[in-house]
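Per-entry structural report
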Amino acid sequence: MEYEEKDFELKIPNGVGEQMLAHTIEKFDVKLEHGEYGPKLIGKEEELLKAHEYMIEVIQKRLKELE
């Protein structure tokens, strides 16, 4: 029996703008879908974890610049 990797969903964190979202989609193997409760990223678990870390890093960097 062959194991198939399942796609996972990641709700987009607050503070993620269109430009950051576009960079995230280009940088990682994820796609954007619009669900009932707002936009979400779809992809393999590993890619979504990397994308989430990237978005959090960018948000934190932006907050430090505003201090």
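Above this text you will find the structure in question.
Residues numbered from 1 in each chain as written. Predicted model: local features only at pLDDT ≥ 70, side-chain atom pairs only at ≥ 80, totals over all residues. Heavy atoms only, no water.

As a further point, take the overall build of the chain. Counting its regular elements, the chain contains 2 helices and 3 strands. When the backbone C-alpha atoms are referred to their principal axes, the chain occupies close to 55 × 25 × 15 Å. When burial is assessed residue by residue, the chain has 28% of its 67 residues classed as buried. Taking the average location of the 10 positive side-chain charges in the chain and that of its 17 negative ones, the two points are 4 Å from each other. (Helix = DSSP H or I, 4+ residues; strand = E, 2+ residues; numbered from the N terminus. Buried < 20%, exposed > 50% of the residue type's maximum accessible area, 1.4 Å probe, protein only. Lys, Arg positive; Asp, Glu negative; His and termini not counted. Charge placed at Lys NZ, Arg CZ, Asp CG, Glu CD.)

Our next topic: the nonpolar core. Core analysis: the biggest nonpolar cluster contains 13 residues, and Val-16, Leu-41 and Met-55 have the highest contact counts within it. Residue assignment for this core shows that the elements contributing at least two residues are helix 1 (18–27) and helix 2 (45–66). If one sorts the elements of this core by residue count, helix 2 sits on top with 5 residues. Those residues within four positions of Val-16 in sequence are excluded, and the remaining contacts are Leu-21, Met-55 and Ile-59. (Core = buried A, V, L, I, M, F, W, Y, C linked by side-chain atoms within 4.5 Å. Contact = heavy atoms within 4.5 Å.)

Among all positions of helix 1, only Met-20, Leu-21 and Thr-24 are buried. Here the buried residues of helix 1 occupy an arc of 100° about the axis, which is enough to place them on one side. For helix 1, the exposed residues set more than 90 degrees away from the buried face come down to Glu-18, Gln-19 and Glu-26. Close packing links the buried residues of helix 1 with strand 2 (30–35), strand 3 (38–43) and helix 2. (Arc of directions from axis to C-beta.)

Moving on, we get to helix 2. For helix 2, spanning 22 residues, the distance from its first C-alpha to its last is 32 Å, which sits close to the expected 32 Å at 1.5 Å a residue. When we look at burial in helix 2, the residues that qualify are Glu-47, Leu-48, Ala-51, Tyr-54, Met-55 and Ile-59. The arc that holds every buried residue of helix 2, seen down its axis, measures 130°, which confines them to one face. Opposite its buried face, helix 2 presents the exposed residues Glu-46, Glu-57, Lys-61, Leu-63 and Lys-64, each directed more than 90 degrees away. Buried residues belonging to helix 2 abut strand 1 (8–11), helix 1, strand 2 and strand 3. (Expected span 1.5 Å × (residues − 1).)

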